[in-house]
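Chain by chain, the residues:
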Amino acid sequence: MGDIFSESKSYSGLGITYRKMNKCKESLEMHSRAIQIRTKINNKNGLAINYCEQSLTYYDMGKLGKAHTSLKKGLSLFKELNNKRALNLGKYEMSKIYFHKGNIDKGIELLNIALTYFKNEKDIPYYINCLLQLSIMYRQKNNIKSALASLNTAMKEAKGIKNDAFVDKILIEIEICNLVNSANGNILLKIINNLKNDQI
């Protein structure tokens, strides 16, 4: 079993590497081989990881349905194993799938669960990631106030851990929100002006 275990680990590692190289077809093939072996030896933790990694590859390919199916399998196993961290990492990824499928409310629901977990665990980097993603979803719903509130919290946390990369990302998102706010203001002003002209 030791050799088979090592073989599945190698396939899994190759799957992750191929994805980073944007070789999605090869990545899926490696994860498929790892899943076959890990199913045979009943390696549930390994299986959960492969299903989640498989989901990320499908997500990169824009195959949201398959990404959702694979991630759901992985989350089910992590729940069975009581791996709370992995479960909430999965919820973060699942929120992005729902977002791109157009179900933003479900995405927000999952993000709020994940960010609460990471906040309580004092896992600040993932807490910030959740806040950034949440701000994007709120912005998409044109809820600029909530988007900026999430970004302000993220900025405070990013400065607390002195992470300049996060600070830069947050500043960009804040600027986008301000532009959207300004654009909406201009559109509203045009509508009002058109109404005035119609009345004249």
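The rules behind each value
- Residues numbered from 1 in each chain as written.
- Predicted model: local features only at pLDDT ≥ 70, side-chain atom pairs only at ≥ 80, totals over all residues.
- Heavy atoms only, no water.
- Helix = DSSP H or I, 4+ residues; strand = E, 2+ residues; numbered from the N terminus.
- Buried < 20%, exposed > 50% of the residue type's maximum accessible area, 1.4 Å probe, protein only.
- Contact = heavy atoms within 4.5 Å.
- Areas by Shrake-Rupley, 256 points an atom, 1.4 Å probe, with all protein chains shown as cover.
- Lys, Arg positive; Asp, Glu negative; His and termini not counted.
- Charge placed at Lys NZ, Arg CZ, Asp CG, Glu CD.
- Core = buried A, V, L, I, M, F, W, Y, C linked by side-chain atoms within 4.5 Å.
- Polar contact = N/O pair within 3.5 Å; in protein donor to acceptor, adjacent residues only side chain to side chain.
- Axes fitted to C-alpha atoms, helices over the stretch in contact; angles between N-to-C directions.
- Parallel < 35°, antiparallel > 145°, perpendicular 65-115°, else oblique.
- Left-handed = near helix turned anticlockwise from the far one by under 90°.
- Nonpolar A, V, L, I, M, F, W, Y, C, P; charged D, E, K, R; others polar.
- Expected span 1.5 Å × (residues − 1).

### Quick notes on the overall build of the protein
Okay, so step 1: Counting its secondary structure elements, the protein contains 9 helices and 0 strands.
Okay, so step 2: Scanning the protein from its N terminus toward the C terminus, one meets helices and strands in the order α-α-α-α-α-α-α-α-α.
Okay, so step 3: With the C-alpha coordinates aligned to their principal axes, the bounding extent of the protein is approximately 85 × 40 × 30 Å.
Okay, so step 4: Put simply, the protein has 200 residues, and 41% of those count as buried.
Okay, so step 5: Here the contacts in the protein between residues at least 6 apart in sequence split such that 53% fall between residues at least 24 apart.
Okay, so step 6: In the structure as shown, the protein presents an accessible area of about 11,700 Å², 52% of it carried by carbon and sulfur atoms.
Okay, so step 7: Each charge sign in the protein was given a centre, from 31 positive and 18 negative side chains, and these centres are 3 Å apart.

### Description of the side chain of His31
Okay, so step 1: Structurally, His31 is set in helix α2 (residues 24-40).
Okay, so step 2: Taking relative accessible area as the criterion, His31 reaches 0% and is therefore assigned buried.
Okay, so step 3: If we ignore the near neighbours within four places in the chain, the residues touching His31 are Ser12, Gly15, Ile16, Asn50, Glu53, Gln54 and Thr57.

### Notes on the nonpolar core
Okay, so step 1: If you look at the biggest cluster of nonpolar residues, it comprises 29 residues, and the most contacted ones within it are Ile128, Cys130 and Ile170.
Okay, so step 2: When residues of this core are traced back to their parent elements, those giving at least two are α5 (84-101), α6 (104-120), α7 (124-140), α8 (144-160) and α9 (164-199).
Okay, so step 3: A total of 9 residues in this core trace back to one element, the largest contributor, which is α7.
Okay, so step 4: Leaving out residues up to four positions away in the same chain, Cys130 has contacts with Tyr92, Leu111, Ala114, Leu115 and Phe118.
Okay, so step 5: In terms of nonpolar packing, the next biggest core, distinct from the first, is built from 19 residues, Leu28, Ile35, Leu77 and Ile97 among them.

### Quick look at the environment of Glu80
Okay, so step 1: Mapped onto the secondary structure, Glu80 falls in helix α4 (residues 64-80).
Okay, so step 2: Considering only alpha carbons, one finds Glu80 and Asn129, 49 residues apart in sequence, at a separation of 26 Å.
Okay, so step 3: Separated by 2.4 Å, the side chains of Glu80 and Lys44 make a polar contact.

### A few points about the packing of α2 against helix α3 (residues 44-60)
Okay, so step 1: As a packed pair, α2 and α3 sit with axes 9 Å apart at the nearest point and diverge in direction by 160 degrees. Taken together, the axis directions place α2 and α3 in an arrangement best described as roughly antiparallel. As α2 runs across α3, the sense of the crossing is left-handed. Residue-level contacts link Cys24, Ser27, Leu28, His31, Ala34, Ile35, Arg38 and Thr39 of α2 to Gly46, Leu47, Asn50, Tyr51, Glu53, Gln54, Thr57, Tyr58 and Asp60 of α3.
Okay, so step 2: Tallied by class, residues from the contact of α2 with α3 come to 7 nonpolar, 7 polar and 3 charged.

### Remarks on α7
Okay, so step 1: Between its first and last C-alpha, α7 extends 24 Å over 17 residues, near the 24 Å set by a 1.5 Å rise per residue.
Okay, so step 2: Of all 17 residues in α7, 12 are buried, a share of seventy percent or more.
Okay, so step 3: All of the buried residues along α7 are Ile124, Tyr127, Ile128, Cys130, Leu131, Leu132, Gln133, Leu134, Ser135, Met137, Tyr138 and Arg139.
Okay, so step 4: Phi for Asn142, located one or two positions after α7, is positive at around 65 degrees.

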